[in-house]
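# Structure at a glance
Read off the chains here:
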Amino acid sequence: MSISPTEAYEIEQFLYLEAELLDARKYNEWLELVTDDCIYWMPNGREEIDPEKEASLIYDDLNLLKLRIARMNHPMVHAQTPPSRLAHVVGNIRIQPEGDSVVKVRSNFTMLESRLGEQRTFGGSFEHTLRRENGSWRIAFKRIDLVNNDGVFRNLVFLF
Amino acid sequence: MNTATTQTELQIEDLVRPDRIHRRVYTDPRIFDMEMERIFSKTWVYVGHESEVAQPGDYKTARIAGQPVILSRHQDGKVYVLYNRCMHRGAILCRESLGNSRFFRCIYHGWTYGSDGGISGVPFRGAYAPDFDFSEFNLMQVPRVASHRGFVFASLSPTGVSFEEYLGPAVEYLERIVDLAPDGEIVVSRRPHQYDYASNWKLQVENFSDFYHPSFTHESSFAATTQSSTPYNSQVSPDERGATIGYTNGHTVVENPSGVPTRLSSAPAEGFRGATTAEYAVSLAAARGEAEAKRLLSSVFHLVLFPNLVFKHDEQTFRVIEPISVDHTVIRVYAYRLKGAPESMNDSMLRRSGNWASAAGFGQPDDLEAFTRVAEGLQAKGPEWLIFARGIHRQTIGPNGEHRGPAAADEAHFRAQYQYWKKVMLEGEG
């Protein structure tokens with residue numbers, strides 16, 4: 001199974017659109033890009049685990065994502081007062097068709113974050129599962145593997 | 001007696017007043033060094049749980065007063081706490097946070113030790129004199145190790161308060177935490193949440209027993225989760241519920257604070273906080289009897305075992321506090337399973353443990369923001385004091401000398417904790 005250059009371009013642009021929304025912390029608009037059964041998962045270690053049975057940095061279904069976003073959008077979210085400035089760079093995009101309207105996309109990313117005069121760099125890989133719904137791509141699954149996910153973090157109150 | 005030490009000692013006497021603590025207690029690197037020497041190198045410090053090193057050869061690394069140690073399970077079934085330091089030329093032996101190995105081998109000259117620290121291999125030993133005694137060079141064990149309900153503590157001092165005395169009456173609460181497991185044992189996750197902050201270690205210890213701050217610090221999270229099936233909120237005034245205990249040996253308990261649901265009242269459906277199931281209540285009653293099970297399930301409390309271990313049993317987590325410097329602290333949050341509880345419930349509690357407590361969590365980051373603000377605010381030297389006055393007019397002293405406060409947001413327990421802190425900091429000068 002292969003993917004046409006047009007479809008590949010569309011999918012890449014979708015990832016860049018997602019990154020743009022996340023950079024601006026436009027989380028309600030980002031929510032419109034996910035499926036009802038979506039899972040957002042950021043493991044907290046190198047070893048492969050079953051996130052249903054073990055701790056993760058984030059392991060959210062849509063309900064939890066909505067709660068998380070409501071909290072991040074709240075005027076009294078102290079951990080993001082002032083908010084972080086973010087810039088994602090997404091690259092190394094490789095697309096694997098999984099069916100008629102499903103693709104698995106692997107990519108690498110770096111993300112710069114600046115807050116209160118301190119800048120942090122994050123990076124690693126994304127694994128997206130995208131599904132076409134009503135003609136548009138939607139995120140059914142997003143896994144973020146930070147290169148330092150077994151490390152010690154300051155606040156991470158934003159979506160990667 | 002050297003003048004500088006005397007000066008600091010005299011100042012310690014004055015840094016702890018009946019209802020306030022001096023800012024230097026949180027900002028002075030000399031006081032931090034004294035704490036490492038007089039508290040963390042003397043008393044019992046939590047190292048790890050036996051379930052983290054369940055199999056022979058299992059090990060995890062940790063630090064006590066900044067000193068690297070290995071907690072290791074040997075083939076003889078015993079656990080050992082060894083200095084993580086090759087006896088030859090001082091290299092740190094093990095850099096992994098956990099693993100399994102029959103031996104530890106130094107990368108430098110290949111000296112090899114068993115999992116009980118016994119020296120088992122020295123390459124090219126012919127160049128050592130025939131009477132050179134290698135038995136002197138087993139990995140050094142820390143002077144004292146003890147464990148209770150699987151929690152392994154160590155003391156870097158060969159003398160001092162016994163382990164039983166260290167635990168004291170607070171042990172009752174540790175028993176309750178583990179007795180919540182129908183089989184009477186917990187299994188600790190080998191995958192903690194890890195975060196750090198640029199402020200003093202005592203801020204996390206205090207925050208854990210602080211039920212005055214939640215509706216302000218965690219306002220965004222309470223607002224967001226109020227409508228969820230397992231809300232995390234503080235509707236009831238903090239003055240109206242609960243109680244605090246500050247033992248004479250530094251440990252504290254805050255009981256029945258408002259806003260923290262008991263395991264009886266947690267909603268059965270999976271939600272933000274994880275699921276407590278009816279099936280679990282039944283298996284606990286079968287194991288402990290109805291009355292005792294009900295007592296355990298309907299109590300909720302935060303336990304602090306001073307200096308470095310704090311428990312939040314309603315989340316099935318505990319936190320280990322590692323002070324790095326006066327204004328840098330690392331915290332690890334360990335979720336645990338209750339043996340004998342339904343697997344699906346344990347899965348749910350572990351899966352959800354990051355919701356509040358991970359670096360991306362709903363709760364922890366706002367606490368860290370507060371701690372960081374304290375570090376910055378305390379750079380002002382004009383205002384000198386941090387106020388711990390809540391409930392001073394209504395505290396009582398209990399039968400064992402413990403401070404008691406009649407509301408969870410009273411601060412009798414902090415005052416007791418600082419009395420203890422002052423006592424050990426002054427004692428250490430002897």
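Predicted, not measured: the structure shown is a model, and the values here were computed from it.

A few words on the overall build of chain A. Counting its regular elements, chain A contains 3 helices and 6 strands. Along chain A, from the amino end to the carboxyl end, the secondary structure elements read α-α-β-β-α-β-β-β-β. Expected size for 160 residues packed as a compact globule is a radius of gyration near 15 Å; at 16 Å, chain A falls within 12% of this value. The C-alpha extent of chain A, read off along each of the three principal axes, is 45 × 30 × 30 Å. Put simply, of all contacts in chain A between residues at least 6 apart along the chain, 59% involve residues at least 24 apart. By element, 48% of the accessible surface of chain A is carried by carbon and sulfur atoms, the whole surface being about 7,600 Å².

One finds Trp 30, Leu 156 and Phe 160 of chain A together with Tyr 26 and Trp 421 of chain B to be the most contacted residues of the largest nonpolar core, which totals 97 residues. Sort the elements by how many residues they give to this core and helix 1 (residues 5-23) of chain A lands first, with 7 residues. Not counting residues up to four positions away in its chain, the partners in contact with Tyr 26 of chain B are Ile 21, Asn 200, Lys 202, Leu 203, Glu 206, Val 326, Leu 378, Leu 386, Phe 388 and Tyr 418 of chain B. If you look at the next biggest cluster of nonpolar residues, it comprises 38 residues, including Ala 181, Tyr 280, Leu 284 and Leu 297 of chain B.

Before going further, it helps to examine the interface of chain B and chain A. Residue-level contacts link 40 residues of chain B with 38 residues of chain A. Approximately 3,100 Å² of surface area, both sides summed, lies buried where chain B meets chain A, with 47% of it carried by carbon and sulfur atoms. Between the two partners, chain B and chain A, sit 5 salt bridges. A salt bridge links Asp 366 of chain B to Arg 71 of chain A, with the nearest nitrogen and oxygen atoms 2.7 Å apart. Summed over the shared surface of chain B and chain A, the number is 26 residue pairs in polar contact (both at pLDDT 80 or more). For the side of chain B that touches chain A, the secondary structure elements donating two or more residues are strand 14 (193-197), helix 7 (214-217), helix 8 (219-225), strand 20 (328-338), helix 11 (343-357) and helix 12 (364-377) of chain B. With 7 residues, the single largest contributor to the side of chain B that touches chain A is helix 11 of chain B. Its residues assigned to classes, the side of chain B that touches chain A comprises 15 nonpolar, 14 polar and 11 charged.

Residues and elements named next belong to chain A. With respect to the helices, strands and loops of the structure, Asn 92 is situated in strand 3 (residues 85-97). Overall, the relative accessible area of 54% leaves Asn 92 in the exposed class. Remark: the alpha-carbon pair of Asn 92 and Leu 21, spanning 71 residues in sequence, is separated by 20 Å. Each residue touching Asn 92, except ones within four places of it in the same chain, is listed here: Arg 106, Ser 107 and Asn 108.

Moving on, we get to unusual backbone geometry. Between Thr 81 of chain A and the following residue, Pro 82 of chain A, the backbone shows a cis peptide bond with an omega angle of 0 degrees. Relative to the helices and strands, Pro 82 of chain A is located in the loop between helix 3 (62-72) and strand 3. Cis geometry marks the peptide bond from Phe 306 of chain B to Pro 307 of chain B; its omega dihedral reads 5 degrees. Positionally, Pro 307 of chain B belongs in the loop between strand 17 (301-305) and strand 18 (309-312).

Another aspect to go through is the side chain of Ser 299 of chain B. Residues and elements named next belong to chain B. Structurally, Ser 299 can be placed in the loop between helix 10 (290-297) and strand 17. By relative accessible area, which is 11% here, Ser 299 ends up buried. Side-chain polar atoms of Ser 299 contact the side chain of Arg 176, separated by 3.3 Å. When residues no more than four places from it in sequence are discounted, the contact partners of Ser 299 are Arg 176, Asn 256, Thr 262 and His 313.

Residue and element names in this part refer to chain B. If you walk across this open sheet you meet the 4 strands as 6-5-4-7, and the pairing is antiparallel. In the strand order of this sheet, the two ends are held by strand 6 (79-83) and strand 7 (98-100), each with one partner. When the angles between neighbouring strand axes are averaged without regard to direction, this sheet yields 25 degrees.

For the coordinates displayed, the defined rule picks out 37 aromatic pairs over all chains. Aromatic side chains Phe 109 of chain A and Phe 160 of chain A sit 6.4 Å apart centroid to centroid with 70 degrees between the ring planes, which places their arrangement in the edge-to-face category. Highlighted residues: Phe 109 of chain A in strand 4 (residues 102-115) and Phe 160 of chain A in the segment after strand 6 (136-146), separated in sequence by 51 residues. A single burial state applies to Phe 109 of chain A and to Phe 160 of chain A, both of which are buried. Judged by centre distance (5.9 Å) and plane angle (70 degrees), the ring pair of Tyr 418 of chain B and Trp 421 of chain B falls under edge-to-face.

Reading the values: rules and limits
- Residues numbered from 1 in each chain as written.
- Chains lettered and ligands numbered in written order.
- Predicted model: local features only at pLDDT ≥ 70, side-chain atom pairs only at ≥ 80, totals over all residues.
- Heavy atoms only, no water.
- Helix = DSSP H or I, 4+ residues; strand = E, 2+ residues; numbered from the N terminus.
- Rg over C-alpha atoms; globule rule 2.2 N^0.38 Å.
- Contact = heavy atoms within 4.5 Å.
- Areas by Shrake-Rupley, 256 points an atom, 1.4 Å probe, with all protein chains shown as cover.
- Core = buried A, V, L, I, M, F, W, Y, C linked by side-chain atoms within 4.5 Å.
- Buried < 20%, exposed > 50% of the residue type's maximum accessible area, 1.4 Å probe, protein only.
- Buried area = accessible area lost by both parts, 1.4 Å probe.
- Salt bridge = Lys/Arg side-chain N within 4 Å of Asp/Glu carboxyl O.
- Polar contact = N/O pair within 3.5 Å; in protein donor to acceptor, adjacent residues only side chain to side chain.
- Nonpolar A, V, L, I, M, F, W, Y, C, P; charged D, E, K, R; others polar.
- Pairing = 2+ DSSP bridges.
- Axes fitted to C-alpha atoms, helices over the stretch in contact; angles between N-to-C directions.
- Phe/Tyr/Trp six-rings, centres within 6.5 Å; stacked < 30°, edge-to-face > 60°.

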